[in-house]
Structure formats: C-alpha cells, structure tokens
Amino acid sequence: MTALPDKEQIKEEIIKKLRRRVGVTPDEATKEDIYQAASRTVRDLIMDKWADALKEVHRRGAKRLYYLSAEFLMGRALTNNMINLDLYDAYRDALAELGFDLGEIEEQEFDAGLGNGGLGRLAACFLDSLSTLEMPVTGCCIRYEHGLFRQRIVNGEQQEADDNWIEKGNIWEIARPDDKVEVRYGGHIEEVWTEHGLSVAHEGYTSVLAYPYDMPVIGYESKMPATLRMWEARAKTELDMSYFNKGDYARAAMESALVESISQVLYPEDNHEQGRLLRLKQFYFFTSASMQFLVRSHKKNHGDVHTLPDYFTIQINDTHPTLAIPELIRILLDDEGLSWDEAFAIAFQMFNYTNHTIMREALERWNENMLQGLLPRIHKIITVIDQRFRDNIWGKWPGDWNKMNEMSIIYGGEVRMANLCIAACGKVNGVSQLHANIIRTQTFRDFYILFPDKFLGVTNGITTRRWLAKSNRALTAEIEARIGRHFLKDYTEFEKLRDWLGDPEFCAAADAVKRANKERFAAYLKAKQGAEIDPGTIFDVQAKRLHEYKRQLLKILHVLCLYYRIKAGPSLQIPPTTFLFAAKAAPGYYMAKEIIRLINAVAEFIDNDPSMKGVLKVVFIADYSVSVAEMLIPATDVSEQLSTAGLEASGTGNMKFMLNGAVTIGTMDGANVEIYEAVGADDIFIFGATAPELDTLRRFGAYDPGALYEDNPELRRVLDALISGALPVHNGKQFHDLYNALLHGGCGKADKYFVLHDFASYDKVFSNLLAAYADRDRWTRMSAKNTICSGIFSSDRTIHEYSDRIWHLQAMG
C-alpha cells in the first residue's frame with residue numbers, strides 16, 4: 001500500500017499545482033487558486049486508488065453493482081475526501097502554514113447540483129458505503145448543468161434562481177469521450193421476418209449523443225473508490241452550417257440547444273406537456289446510455305452476453321430509471337440477437353427495484369401516446385411484457401377484470417412504471433420495516449399475493465463519515481477518545497459506545513459540543529441572511545423537502561398557538577425556543593409555497609412583538625443544501641419528524657439528527673418506528689394517530705376537522721388568524737387556500753393529511769418535551785443516548801443487507 005503523504009509533502013504538492021496549473025505562488029494565490037490546487041492533489045491520490053481498483057475488479061471477474069438514480073445529492077467533496085483518506089489534519093495544517101484556513105477554502109466549492117432531497121442523499125450515502133466496504137459499484141445519473149434551483153425568500157415568498165453549479169468547472173470529474181453512445185428518439189419501427197427470425201429496424205429517429213463524465217467517490221480508508229457516471233446530452237452536429245452561412249444563426253444552433261436541454265436542469269417543471277416530455281427524455285437518456293455502455297463493456301471484457309448476470313446487478317432507485325429494463329431487453333433482442341425468453345430472463349436476473357412511494361396516486365405513470373411517440377421500440381417491448389404479465393394475473397385470478405385492470409402495466413392510456421418494475425425485477429424492497437409492510441399489505445397487496453418471495457424491507461441508512469466525522473468533528477473526537485476511530489470503517493464498532501450510556505462525563509462533553517455547534521450555526525445564519533438567533537435557546541428544527549404530508553403546516557400552526565397561549569397567560573413559563581425551518585418547494589407546488597409564505601409571515605408576526613424577544617423566534621433558512629445541513633444538524637436540539645403516519649417511506653434526516661444528538665418528536669411513521677425501538681420509549685417523543693388508525697378513519701369517512709375547529713378554542717383562534725388579517729402579508733393575500741384545505745377541502749377530503757386531527761396530541765407531547773428539556777441532566781442523557789444508539793442506522797449496515805439479500809457482491813478488501 002502506498003504511504004500517505006505527510007504535511008510537508010502536501011505543501012510541496014500544492015505549491016507545484018499552483019505553479020504549473022495557475023502560474024502563481026502561494027503568496028499571490030487566491031482562495032479559489034488554493035481550492036483548485038489542493039483539490040487536484042487530493043484527486044491525484046484518489047485516482048491512483050481508482051486505477052488499481054478497476055484493474056483488480058477486472059482481474060478477479062468480480063460482480064459490479066450498477067445503481068441507477070435520477071439523483072445523487074453528493075454535497076461538497078474536498079474535505080469529505082480528506083477525511084476518507086485520513087488526511088484531514090495533515091491538509092488543514094499544511095494549508096495553515098501556507099496562510100490559508102481550510103474552512104474558507106472549502107467554501108469555494110459549490111454543492112454538486114445532482115439532487116434534491118432524501119432520494120439523492122440516500123444514493124450518495126450508498127456510494128460512500130459501498131466504497132468503504134470495498135464493493136464495486138457504478139452510480140449512473142445525468143450530469144445536470146443546473147441543479148434544482150437556488151432558493152431566495154423575497155417578501156416571505158420563495159423565488160427560484162439559477163443553480164449553475166458547474167460554472168467554474170468540476171475538479172472531481174473525468175471526461176470519457178471515448179465511451180460516448182447514441183440515444184435515439186422518435187421515428188418508427190419496421191419489423192421484417194427473415195429466415196433468421198424477426199429483424200427490427202428503427203427508422204426516421206432523432207439522435208442524441210450521451211457523453212460520460214466519471215467522478216470517483218472514495219470511502220473511508222478504501223482501496224475501491226466508487227464511480228459516479230454522469231451523462232451529458234450533446235447534438236451530433238453542434239452547428240448547422242447551412243443555416244449559419246445564410247446568416248440564420250439562431251436556427252443554426254437550435255438543434256444543439258434543444259438536445260442539450262435534456263441534461264440542462266434537474267427536474268424541469270412538469271405541469272405542462274413539454275415539461276413532461278422533457279422529463280421522459282431525461283429518464284430514457286441516462287438509462288439507455290448506461291445500459292448500452294454496460295453491455296459494451298461486458299462484451300469487451302467477457303464476450304458472451306448470456307453471462308451478464310454473473311458480472312452485473314442493477315438497482316433501480318425509485319421508478320425514474322425504470323426504462324432501463326425495456327432498454328436492456330431491446331439491446332439483447334435487436335443488437336445481440338437473443339430470443340425474447342433469453343433477453344427477459346437475463347433482465348429479470350439483473351434488475352431489482354427500491355420503492356420510495358407509498359401513496360398510489362404519486363406513483364410514476366406516463367401517457368401511453370407520449371411514450372409511444374417518443375420511444376416506439378421501448379413501447380413495443382413494454383407492451384409485450386404487459387401481455388405476458390397479464391397472463392400471470394389471469395392464471396392467478398381467472399375472470400377477475402378488476403385485478404387485471406389494477407395490476408396491468410398499461411391501462412387507461414397510461415404506462416405504470418411501478419407495475420413494470422414489479423413484473424420485471426427479481427426483488428422489490430421497501431426502505432423501512434413499516435414501509436415494507438405497507439407495500440405488502442396495501443400499496444402492492446395483490447402483487448405480493450402473486451409474488452410473495454419478491455418483497456422485502458431494507459431500512460435506509462446514512463454515512464457516519466459525512467454526517468459525523470465531517471459535520472461534527474468535535475463530537476467525533478469525543479467518541480474516538482472512548483472507542484477508537486475504527487467505527488468509521490466498521491459500523492458494528494459503534495456498539496462499544498453503549499458502555500457510556502448514562503456516563504455523566506460523556507453526556508457533559510456532548511452537551512458542550514452541542515453548545516459550540518449552536519454558536520457556530522448562529523454565526524453562520526447571521527452572516528448569511530442577517531437573522532440573529534440565541535444559542536442559549538432550544539433549537540427546534542424541521543428541515544426537509546416541503547410537502548403537505550411532511551406537515552410543516554402542523555408545526556407552524558403550533559408555533560402560532562404557543563404565541564397566543566403565552567400572550568393570554570404572561571406567567572406561562574417555557575424554555576426560550578428558536579424554531580428553525582428549512583425546505584424547498586417544487587416550483588409548481590402551490591400549496592407548498594403557501595406554507596413557506598405562512599412560515600415567514602408567522603416569523604415576522606412574532607418578531608414584531610417586543611414581548612417575544614428571548615421567548616420565541618422563528619427563522620426560515622433559505623436555500624437549504626447538504627453544506628447547510630452539515631452545520632444545522634449538529635446544532636439541533638429537537639428533530640421534528642411530523643409526517644402523517646403511513647405516508648413517509650423511511651426518512652434519513654431523522655437518522656442524521658439522531659446521530660448528532662437531537663431528540664426526536666414524531667409520529668410512528670417510516671424509520672421513526674425503528675428509532676423508537678433503538679432508543680426506547682423514554683428517549684423519544686411520539687404523538688399522533690398510527691397508520692392503521694388513520695386507515696380506519698379514511699375507510700369509514702369518520703373524520704370531521706370542522707368539529708375539532710368548533711370544539712378547540714385555541715385551534716380556532718390559530719386557524720382564524722390565517723384569514724383574519726392578523727398576520728403580516730406583502731401581497732395583500734391572506735391564507736384562505738390553506739384554511740380551506742384544512743376545513744373544507746373538496747369531495748370530502750378536508751385536511752387530507754390529518755393536521756388538525758393530530759394537533760392536540762402534538763401539543764400535549766410537545767409540552768412533555770419542553771418539561772424534559774428544562775431538566776438539563778435528563779435532557780443531556782437523552783441527547784447522548786440518541787447518539788449512542790444510532791449505529792444501527794449506518795448505511796454500511798444497509799449495504800450489507802442489500803448485498804446479502806439481493807446483490808450478492810464480493811468485498812474486494
């Protein structure tokens with residue numbers, strides 16, 4: 001093994017990079033120059049490991065995982081790579097001697113705009129863990145030029161700004177132009193029977209070139225970096241010279257611009273037909289490119305395509321990459337000449353599907369005519385899969401047309417992607433044990449009856465490298481002082497920390513770290529958006545994608561209730577509390593944007609009352625990202641996990657907060673159930689109706705939010721404030737739509753997410769939480785216990801389960 005460089009060698013390499021790449025000395029270098037130079041030295045170390053690893057995988061003939069995901073929310077790479085190379089201290093000291101602070105240098109790096117929320121963050125954690133466990137993996141996605149958006153709050157409302165995360169380039173990626181492939185859209189299919197069988201020709205299509213960029217992702221003390229392959233769309237001809245020479249410059253570049261829009265923006269708005277068509281193009285683009293390259297590389301290294309399942313396993317992360325299934329079948333049929341039975345059997349052995357969606361109405365589906373027009377050959381293949389799957393359904397339930405209509409892949413002019421995954425994948429997994437049970441008994445109940453051995457649960461996890469060693473270095477040091485640092489490589493070592501359960505010294509040390517982290521975040525927030533918060537208050541945090549089922553609305557209504565309660569009884573004593581919200585709403589999600597507007601209105605309302613100073617404070621943190629989360633999560637006292645029971649598949653934010661010593665208040669939903677089991681009933685605050693209880697209310701139509709409004713004066717006052725003009729607004733518009741959604745709705749669907757139903761329960765349990773916080777000894781023990789019991793939520797454990805039960809990968813260490 002090559003020895004790691006020491007501080008002096010690192011300084012020497014950075015100086016060389018400055019001279020040879022930028023043409024400056026350290027005295028003349030800017031922070032950006034130093035970032036580029038230091039990053040290149042780190043990249044060189046990873047590249048050496050990467051080259052050796054690729055060679056070793058080929059030599060051994062080891063199986064490789066292809067992990068297909070529309071998102072990989074990676075976060076910054078520089079310091080995370082330093083930590084995983086065990087070189088953080090050496091680089092920090094080397095840079096200090098050159099006159100630079102590592103924290104300031106890290107700020108020069110943009111967060112990679114390859115994801116939005118938990119789906120992409122999970123995929124990023126998996127790459128880290130797979131590398132740490134020395135398992136070969138290639139993650140595949142689009143090289144989005146622009147991320148979701150940069151969020152600005154103007155007059156209390158979300159506004160979206162461009163997130164061009166690669167405007168300065170991406171130091172960590174390597175262009176692979178020799179691996180480019182052609183992706184075809186449109187046209188028509190000609191089928192001709194010959195003496196050799198059916199011959200299929202695709203005519204009149206439009207071509208797009210997929211250019212790959214590879215980024216190595218190094219795990220902790222790993223010799224096997226993961227590969228993140230990002231595909232960029234380019235036109236076959238960037239400039240039509242016939243138009244250019246006539247002076248029609250706009251038209252000359254039009255085709256190139258239209259093609260490159262495929263990899264331009266993460267999740268283009270899909271509330272219109274062109275947006276939906278672009279998304280469909282995106283999903284086929286990266287899945288087709290990935291499957292073409294997989295088959296090409298296999299033939300180069302191993303020859304016979306019949307052996308593909310021996311060398312590759314493919315995981316579909318939610319349904320966005322589902323088109324990879326018919327695309328691989330297309331390649332095996334049309335390019336390799338296999339029979340249908342051979343091609344389908346190979347795909348079935350290779351593909352597995354992770355479901356992330358409980359609500360059936362939210363499952364991905366495409367207009368059949370749109371899909372047929374854009375992807376005629378793929379549509380034909382899906383039609384055959386559907387016909388054969390219908391035979392299975394009919395064999396199980398002969399004559400049951402309701403079952404047929406519900407379970408078929410194509411029905412009612414739509415192509416249902418989850419149904420396609422279940423029909424064509426070997427395994428289907430949920431991402432928490434509760435979620436797995438729900439998809440077996442509710443979401444995909446009939447599929448489970450048909451394929452009982454296909455369904456399983458693998459609880460999500462998070463990487464301790466980024467979410468502890470990078471985000472919370474002081475707490476990491478306290479843990480290392482007690483159990484050593486091998487827990488960063490072997491998650492089972494975390495169990496040793498249980499010997500310190502209730503240890504006063506560890507509790508006090510962790511509490512001191514928490515206070516320092518709160519001071520750090522308060523300084524950041526003041527510098528970033530001018531908001532002043534008191535580190536001596538409770539930091540109560542709800543940070544997650546904005547969706548009605550996640551119930552940020554419940555939280556802000558309760559904050560308003562607390563305000564009115566304090567005003568009505570000035571003698572009421574509660575610990576001073578700062579409520580921190582962080583979330584992005586999808587650009588076309590009106591109700592989510594209204595909730596953001598309400599949060600900011602309540603924040604302004606409370607700020608305008610001098611009597612609330614030092615008592616209550618509300619702040620909305622703009623433009624939440626991985627890098628912001630790395631500061632916010634270690635500073636959090638209370639983790640708000642308020643989703644409507646039965647609607648959150650798992651969650652991973654809850655695990656990150658727990659790891660960093662936050663105490664959870666939440667419903668028995670997703671992975672909250674397993675957090676409850678890990679820490680015990682005394683060290684988590686559970687409220688609200690359970691999933692079965694809510695199912696009963698839905699089934700019998702027994703829920704009347706209007707009765708709660710009438711019976712609870714405090715709740716009535718809070719809701720009336722939404723429409724009475726009590727809250728400050730900047731556009732003259734009150735919150736009638738939120739008010740009506742809670743109390744009136746439509747078609748008997750008032751308060752669809754049971755916000756008012758769970759309000760009283762939440763209020764009671766939150767009071768218990770405040771009482772626990774007031775007992776500082778009890779609270780510090782609770783906080784420390786959450787950290788101590790969090791080892792089970794390592795993504796390393798998750799990957800072990802996937803490999804043991806689905807992938808059957810070989811560790812290369």
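Worth saying up front: this structure is predicted, and the values here are computed from it rather than measured.

Draft legend 1. Representation of the overall build of the protein chain. In terms of helices and strands, the protein chain carries 34 helices and 23 strands. Relative to a compact globule of 813 residues, whose C-alpha radius of gyration would be 28 Å, the protein chain shows 27 Å and is just as compact. Of all 813 residues assigned to the protein chain, the portion counted as buried reaches 60%. For the protein chain, restricting intrachain contacts to residue pairs at least 6 apart in sequence, the fraction spanning at least 24 positions comes to 77%.

Draft legend 2. Looking closely at the pairing of strand β6 (residues 181-185). Going residue by residue along β6, you find Val181, Val183 and Tyr185 tucked away on one face and Glu182 and Arg184 left uncovered on the opposite face. Summarising the sheet, β6 and strand β9 (residues 206-217) pair through 5 bridges and their orientation is antiparallel. Residue pairing for β9: Arg184 is matched across the bridge by Ser207.

Draft legend 3. Focus on the packing of aromatic side chains. All told, the structure shown has 25 aromatic pairs when counted by the stated rule. Geometrically, the ring pair formed by Tyr67 and Phe72 is edge-to-face, given 6.3 Å between the ring centres and 70° between the ring planes. Consider the rings of Tyr762 and Phe766, whose centres lie 5.8 Å apart with planes at 25°: the pair is stacked. One end of the pair is Tyr762 and the other is Phe766, both in helix α32 (residues 759-774) and 4 residues apart, which spans about a single turn. Accessibility classification places Tyr762 together with Phe766 in one group, the buried group. Through successive ring pairs, a cluster of aromatic residues spans Tyr67, Phe72, Phe126, Tyr802 and Trp807. One cation-aromatic arrangement involves Lys403 over Trp397; the distance from NZ or CZ to the ring centre is 5.5 Å. The positively charged end of Lys454 is found above the aromatic ring belonging to Phe451, 4.2 Å away from the centroid.

Draft legend 4. How the structure looks around empty space enclosed by the protein. Applying the stated criterion to the full structure yields 4 cavities of 30 Å³ or more. The wall of the largest cavity is formed by 28 residues, among which Gly75, Arg76, Ala77, Glu109 and Trp172 lie closest to the centre. Taken together, the elements giving at least two residues each to the lining of the largest cavity come down to α2 (31-60), α3 (78-84), α6 (118-132) and β9. Across the lining of the largest cavity, the residue classes tally to 13 nonpolar, 8 polar and 7 charged. Looking at the second largest cavity, its volume works out to about 70 Å³. Considering the residues around the second largest cavity, the lining is formed by Asn472, Leu475, Ala510, Val513, Lys514, Asn517, Pro634, Asn660, Gly661, Ser783, Ala784 and Thr787.

Draft legend 5. Quick look at the side chain of Thr798. Examined against the element boundaries, Thr798 turns out to sit in helix α34 (residues 795-807). For Thr798, the contacting residues outside a window of four places in its chain are Phe126, Val458, Thr459, Asn460 and Gly461.

Draft legend 6. How the structure looks around the pattern of salt bridges. In this structure the tally under the stated criterion is 71 salt bridges. Across the pair Asp214 and Arg229 runs a salt bridge, and its minimum N-O distance is 2.7 Å. On the criterion of sequence distance, the pair formed by Asp214 in strand β9 and Arg229 in strand β10 (residues 226-234) is long-range, its members being 15 residues apart. The class of Asp214 is buried, set by a relative accessible area of 6%. In this structure Arg229 comes out as buried when scored by relative accessible area, which is 4%. The salt bridge involving Asp270 is made with Arg279; its shortest N-O contact spans 3.6 Å.

Draft legend 7. Looking closely at unusual backbone geometry. Here the phi dihedral of Asp318 falls at roughly 65°; this positive angle occurs in a residue that is not glycine. Tracing the backbone shows Asp318 in the loop between β11 (312-317) and α12 (324-335). Residues other than glycine seldom take positive phi values, yet His808 does so here, at roughly 60°. Turning to its location among the elements, His808 is positioned in the segment after α34.

Draft legend 8. The arrangement of α12 in detail. For α12, which comprises 12 residues, the first-to-last C-alpha distance of 15 Å matches the rise-based estimate of 16 Å (1.5 Å per residue) to within 8%. Counted residue by residue, α12 has 10 buried out of 12 residues, so it is predominantly covered. Along α12, the residues that are buried comprise Ala324, Ile325, Pro326, Glu327, Leu328, Ile329, Arg330, Ile331, Leu332 and Leu333. Just beyond α12, the residue with positive phi is Gly337, at close to 75°.

Draft legend 9. Seen up close, the packing of helix α23 (residues 552-568) against α32. Relative to each other, α23 and α32 sit at 65°, their axes nearing to 11 Å. α32 is crossed by α23, and the crossing has right-handed handedness. Where α23 abuts α32, its residues Leu554, Lys555, Leu557, His558, Cys561, Leu562 and Arg565 lie against Phe759, Tyr762, Asp763 and Phe766. Broken down by class, the residue content of the contact of α23 with α32 amounts to 7 nonpolar, 1 polar and 3 charged.

Draft legend 10. The arrangement of the environment of Asn317 in detail. Its place among the elements puts Asn317 in strand β11. The class of Asn317 is buried, set by a relative accessible area of 0%. Remark: the alpha-carbon pair of Asn317 and Asn355, spanning 38 residues in sequence, is separated by 7.2 Å. With residues up to four places along the chain from it excluded, the contact list for Asn317 reads Tyr67, Leu68, Ser69, Leu119, Leu122, Ala123, Thr354 and His356. A distance of 3.2 Å separates a polar atom in the side chain of Asn317 from a polar atom in the side chain of Tyr67.

Draft legend 11. Molecular detail of the state of the cysteines. Under the defined criterion, the tally for this structure stands at 0 disulfides. Here Cys421 is not disulfide-linked; the sulfur of Cys425 is the nearest cysteine sulfur, at 4.8 Å.

Draft legend 12. How the structure looks around the environment of Tyr709. Here Tyr709 is to be found in helix α29 (residues 705-711). Overall, Tyr709 belongs to the buried group, its relative accessible area being 12%. C-alpha separation for the pair Tyr709 and Ala512, spaced 197 residues apart in sequence, amounts to 43 Å. The contacts of Tyr709, once residues within four sequence positions are left out, are Arg716, Leu719, Asp720, Tyr739 and Leu743.

Draft legend 13. Up close: α2. The end-to-end C-alpha distance of α2 is 43 Å, a good match for the 44 Å that 30 residues give at a rise of 1.5 Å each. One or two positions beyond α2, positive phi appears at Gly61, with a value near 65°.

Draft legend 14. Focus on the sheet that holds strand β14 (residues 410-411). The 3 strands are arranged β13-β15-β14 in an open sheet whose pairing can be described as antiparallel. Where the open sheet ends on each side, the last strands, each with one partner, are β13 (365-367) and β14. In the sheet, β14 pairs with strand β15 (residues 414-416) via 2 bridges, with the strands oriented antiparallel. When the sheet's bridge partners are listed, Ile410 is paired in β15 with Val415. Contacting β13 and β15, helix α17 (residues 417-424) crosses the sheet at an angle of about 45° to β15.

Thresholds applied
- Residues numbered from 1 in each chain as written.
- Predicted model: local features only at pLDDT ≥ 70, side-chain atom pairs only at ≥ 80, totals over all residues.
- Heavy atoms only, no water.
- Helix = DSSP H or I, 4+ residues; strand = E, 2+ residues; numbered from the N terminus.
- Rg over C-alpha atoms; globule rule 2.2 N^0.38 Å.
- Buried < 20%, exposed > 50% of the residue type's maximum accessible area, 1.4 Å probe, protein only.
- Contact = heavy atoms within 4.5 Å.
- Pairing = 2+ DSSP bridges.
- Phe/Tyr/Trp six-rings, centres within 6.5 Å; stacked < 30°, edge-to-face > 60°.
- Lys NZ or Arg CZ within 6 Å of the ring centre and 35° of its normal.
- 1 Å grid on protein atoms, 1.4 Å probe; cavity = no way out; pocket = protein on both sides within 12 Å on 5 of 7 lines; lining within 4 Å.
- Points joined across faces, edges and corners; volume = space filled by probe spheres on them.
- Nonpolar A, V, L, I, M, F, W, Y, C, P; charged D, E, K, R; others polar.
- Salt bridge = Lys/Arg side-chain N within 4 Å of Asp/Glu carboxyl O.
- Expected span 1.5 Å × (residues − 1).
- Axes fitted to C-alpha atoms, helices over the stretch in contact; angles between N-to-C directions.
- Left-handed = near helix turned anticlockwise from the far one by under 90°.
- Polar contact = N/O pair within 3.5 Å; in protein donor to acceptor, adjacent residues only side chain to side chain.
- Disulfide = S-S within 2.5 Å.

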